[in-house]
Amino acid sequence: MAINAVIDISHHNGTRLDFAKAKAEGIIGVIHKASQGQANVDPMYRTNRNRARAAGLLWGAYHFATGSDGVKQAVHFLNTVGDITDTLLVLDFEPNPSGPSMSLEEARAFNTHVFGQTQQWPGLYAGHYLKELLGTHSDPVLAKSWLWVAQYGPTPVVPPNWPTWTMWQYTDGAAGPVPHRVSGIGRCDRDKFNGSEAQLRRLWGVAA
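Residues numbered from 1 in each chain as written. Predicted model: local features only at pLDDT ≥ 70, side-chain atom pairs only at ≥ 80, totals over all residues. Heavy atoms only, no water.

Peer 1: Mind showing me how you'd approach the packing of aromatic side chains here?
Peer 2: Working definition: an aromatic ring pair is given by the centre-to-centre distance plus the angle between the planes. Counted by the stated rule, this structure contains seven aromatic pairs. Ring geometry for tryptophan 165 against tryptophan 168: centres 6.0 Å apart, planes inclined by 65 degrees, an arrangement best described as edge-to-face. Using a relative accessible area of 12% as the deciding quantity, one classes tryptophan 165 as buried. (Phe/Tyr/Trp six-rings, centres within 6.5 Å; stacked < 30°, edge-to-face > 60°. Buried < 20%, exposed > 50% of the residue type's maximum accessible area, 1.4 Å probe, protein only.)

Peer 1: Help me out: how do you make sense of the pattern of salt bridges in this one?
Peer 2: What the rule picks out here adds up to two salt bridges. The residue aspartate 139 makes a salt bridge to arginine 108 at a minimum N-O spacing of 2.8 Å. One end of the pair, aspartate 139, is in the loop between helix H5 (128–134) and strand S7 (147–150); the other, arginine 108, is in helix H4 (residues 104–118), with 31 residues separating them in the sequence. With a relative accessible area of 3%, aspartate 139 lands in the buried category. You can call arginine 108 partly exposed: its relative accessible area is 29%. (Salt bridge = Lys/Arg side-chain N within 4 Å of Asp/Glu carboxyl O. Helix = DSSP H or I, 4+ residues; strand = E, 2+ residues; numbered from the N terminus.)

Peer 1: What is the right way to read unusual backbone geometry from this model?
Peer 2: For residues that are not glycine, phi is negative in most cases, and the peptide bond is trans in most cases. Cis geometry is adopted by the peptide bond preceding proline 179, which originates at valine 178 and carries an omega value of 5 degrees. Checked against the element boundaries, proline 179 lands in the loop between strand S8 (167–171) and strand S9 (181–182). If you check the backbone angles, aspartate 86 has positive phi at about 55 degrees while not being a glycine. Checked against the element boundaries, aspartate 86 lands in the loop between helix H3 (70–81) and strand S5 (87–92). The phi torsion at glutamine 119 lies on the positive side, around 60 degrees, for a residue other than glycine. Within the secondary structure, glutamine 119 sits in the loop between H4 and strand S6 (123–126). Classification of glutamine 119 by relative accessible area gives exposed; the value is 56%.

Written out as structure tokens, the structure is:
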């Protein structure tokens with residue numbers, strides 16, 4: 001059983017999002033870009049956090065990884081997020097189009113630091129880049145994170161490092177299976193959760 005109840009967004013989705021409409025359409029959780037690299041902050045993070053929470057949606061934050069010191073990026077991410085209460089944390093591990101991409105070693109350092117500071121292993125958002133780096137090998141550190149797989153095909157293919165996927169980004173709002181749109185948001189990244197609403201809330205650390 002999977003539920004189509006999560007979206008992930010950033011400032012690229014605009015400044016006039018209606019989260020109440022999104023909730024009415026069945027969206028339960030929003031994961032928003034918070035930071036990138038060691039200094040960049042998404043300008044809509046705090047505004048959309050307040051709006052989404054006011055609409056009664058679960059809130060998550062992701063960090064877009066770059067090829068630089070993993071611990072310094074983790075510090076920047078946590079500083080940007082601030083209060084992590086009821087906030088799902090994620091490392092966005094994919095190729096960086098504007099510079100060097102994060103290595104597996106840097107990803108391990110990032111996730112380990114986040115866990116050391118929060119006692120919460122961040123989720124790992126990844127697709128073909130991670131699969132190419134891992135190949136058929138396992139990574140016991142990254143395996144501690146739940147997997148959010150990005151794949152716009154009919155079904156997600158999971159690296160052998162995980163028994164299954166926890167979330168699946170099945171569309172970027174254009175490619176992939178439908179639906180692509182969400183009321184109040186428009187075309188956007190949409191994500192299925194591999195479980196029930198109660199299990200999704202437990203992942204978030206929130207009582208059903």
